[in-house]
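Observations on chain architecture
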Amino acid sequence: MSTILQKEQLKQMVKNPHIDHWYSALEQLLDDYEINTPQRVAAFVAQCAHESGNFVFIKENLNYKAASLMKTFAKYFPTADIAAQYANKPERIANRVYANRMGNGDEASGDGWRYCGRGLIQLTGRDNYTFFAGSMDIPVEEAAEYLATFEGAAQSACWFWETNSLNRYADSGDIKGLTRAINGGYIGLEDRISHYEHALHVMGV
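Summarised in this report is the structure supplied together with it. All values reported here derive from a predicted model rather than from experimental measurement.

Side note on the overall build of the protein
Looking only at helices and strands, the protein features 13 helices and zero strands. Mapped from its N terminus to its C terminus, the protein presents α and β elements in the order α-α-α-α-α-α-α-α-α-α-α-α-α. Computed over its C-alpha atoms, the radius of gyration of the protein comes to 18 Å, within 12% of the 17 Å expected for a compact globule of 205 residues. For the protein, the spread of C-alpha atoms along the three principal axes comes to 55 × 35 × 30 Å. Looking at the protein as a whole, 46% of its 205 residues qualify as buried. Here the analysis covers contacts within the protein between residues at least 6 apart in sequence; of these, 55% occur between residues at least 24 apart. Of the roughly 10000 Å² of accessible surface on the protein, a fraction of 49% belongs to carbon and sulfur atoms.

Some words on the packing of aromatic side chains
Overall, the coordinates contain eight aromatic pairs when judged by the stated rule. Between Trp 22 and Phe 55 the ring centres are 5.3 Å apart and the planes differ by 90°, which places this aromatic pair in the edge-to-face class. Note that Trp 22 is positioned in helix H2 (residues 19–32) and Phe 55 in the loop between helix H3 (38–52) and helix H4 (66–72), a separation of 33 residues in sequence. We note that Trp 22, like Phe 55, is buried. Between Trp 22 and Phe 150, the ring centres sit 4.9 Å apart and the planes meet at 85°, which makes this aromatic pair edge-to-face. A residue pair is termed long-range when its members are at least 10 positions apart, and Trp 22 in helix H2 and Phe 150 in helix H10 (residues 150–163) qualify at 128 residues. By relative accessible area, which is 30% here, Phe 150 ends up partly exposed. Here the aromatic residues Trp 22, Phe 55 and Phe 150 are joined through ring pairs into a cluster of three or more.

Here's the deal with the packing of H2 against H10
For the pair H2 and H10, interaxial distance at closest approach is 9 Å and the crossing angle is 40°. By the angle between their axes, H2 is oblique relative to H10. In the packing of H2 onto H10, the handedness of the crossing is right-handed. Across the interface between the two elements, His 21, Trp 22, Ala 25, Leu 26 and Leu 29 from H2 touch Phe 150, Glu 151, Ala 153, Ala 154, Gln 155 and Cys 158 from H10. Of the residues contributing to the contact of H2 with H10, the split by class is eight nonpolar, two polar and one charged.

Some thoughts on the side chain of Thr 179
By the element assignment, Thr 179 lies in helix H12 (residues 175–183). A distance of 3.2 Å separates a polar atom in the side chain of Thr 179 from a polar atom in the side chain of Gln 47. Once you skip the residues sitting within four places of it in the chain, Thr 179 turns out to touch Gln 47, Gly 184, Gly 185, Tyr 186, Ile 187, Leu 189 and Arg 192.

Topic: the pattern of salt bridges
Any two side chains of opposite charge can pair, given that their charged atoms come close. Counted by the stated rule, this structure contains six salt bridges. Across the pair Asp 20 and Lys 7 runs a salt bridge, and its minimum N-O distance is 3.6 Å. Linking Asp 20 in helix H2 with Lys 7 in helix H1 (residues 7–13), this pair joins segments that are 13 residues apart in sequence. For Lys 7, a relative accessible area of 31% gives the class partly exposed. Measuring nitrogen to oxygen at the nearest pair gives 3.6 Å for the salt bridge that ties Glu 8 to Lys 11. With Glu 8 and Lys 11 both in helix H1, this residue pair falls three residues apart, about one helical turn.

Rules used in this analysis
Residues numbered from 1 in each chain as written. Predicted model: local features only at pLDDT ≥ 70, side-chain atom pairs only at ≥ 80, totals over all residues. Heavy atoms only, no water. Helix = DSSP H or I, 4+ residues; strand = E, 2+ residues; numbered from the N terminus. Rg over C-alpha atoms; globule rule 2.2 N^0.38 Å. Buried < 20%, exposed > 50% of the residue type's maximum accessible area, 1.4 Å probe, protein only. Contact = heavy atoms within 4.5 Å. Areas by Shrake-Rupley, 256 points an atom, 1.4 Å probe, with all protein chains shown as cover. Phe/Tyr/Trp six-rings, centres within 6.5 Å; stacked < 30°, edge-to-face > 60°. Axes fitted to C-alpha atoms, helices over the stretch in contact; angles between N-to-C directions. Parallel < 35°, antiparallel > 145°, perpendicular 65-115°, else oblique. Left-handed = near helix turned anticlockwise from the far one by under 90°. Nonpolar A, V, L, I, M, F, W, Y, C, P; charged D, E, K, R; others polar. Polar contact = N/O pair within 3.5 Å; in protein donor to acceptor, adjacent residues only side chain to side chain. Salt bridge = Lys/Arg side-chain N within 4 Å of Asp/Glu carboxyl O.

If you want it as structure tokens, here you go:
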């Protein structure tokens, strides 16, 4: 079992009532995916904590009001009339926003909702689900169900971390570069840095 991260340390880093379950999921996975130094653990836990709201939200929240749709997804909801048709309908929103990209079919296929973001670092799109399922040797249809478990949510984050070679950012302390690799931009950078600095302190670095 991994000894790089102790349960008491994770409790200090992440305020979550199910920390025992999360620790059980992570203690072996961290070694398996070479998240095996204090700096790597701190960066990983910090990014996961930000992405999931302290390990609480492991499925993407797509319940947007019309005004928020126009602001967040202006490309897909250019007018108030279109936005109103989709407002507060998460499944329809996902199917429109994620259609015809990341390996998904068109809006009518339902792939956007079927393969919406899940896991501690939200895995999104049929392609990512397929690659992750392949690494687990399970059918892609079973991936969504597995991602809803503590182990699946944690393992998908570890898989994403390894697949995208994110340890290189952790090793150099480049949290801005790490955030861009995960987020595509710098949304929540200050919170991510705050989580990271706290995690480093807890790890004794």
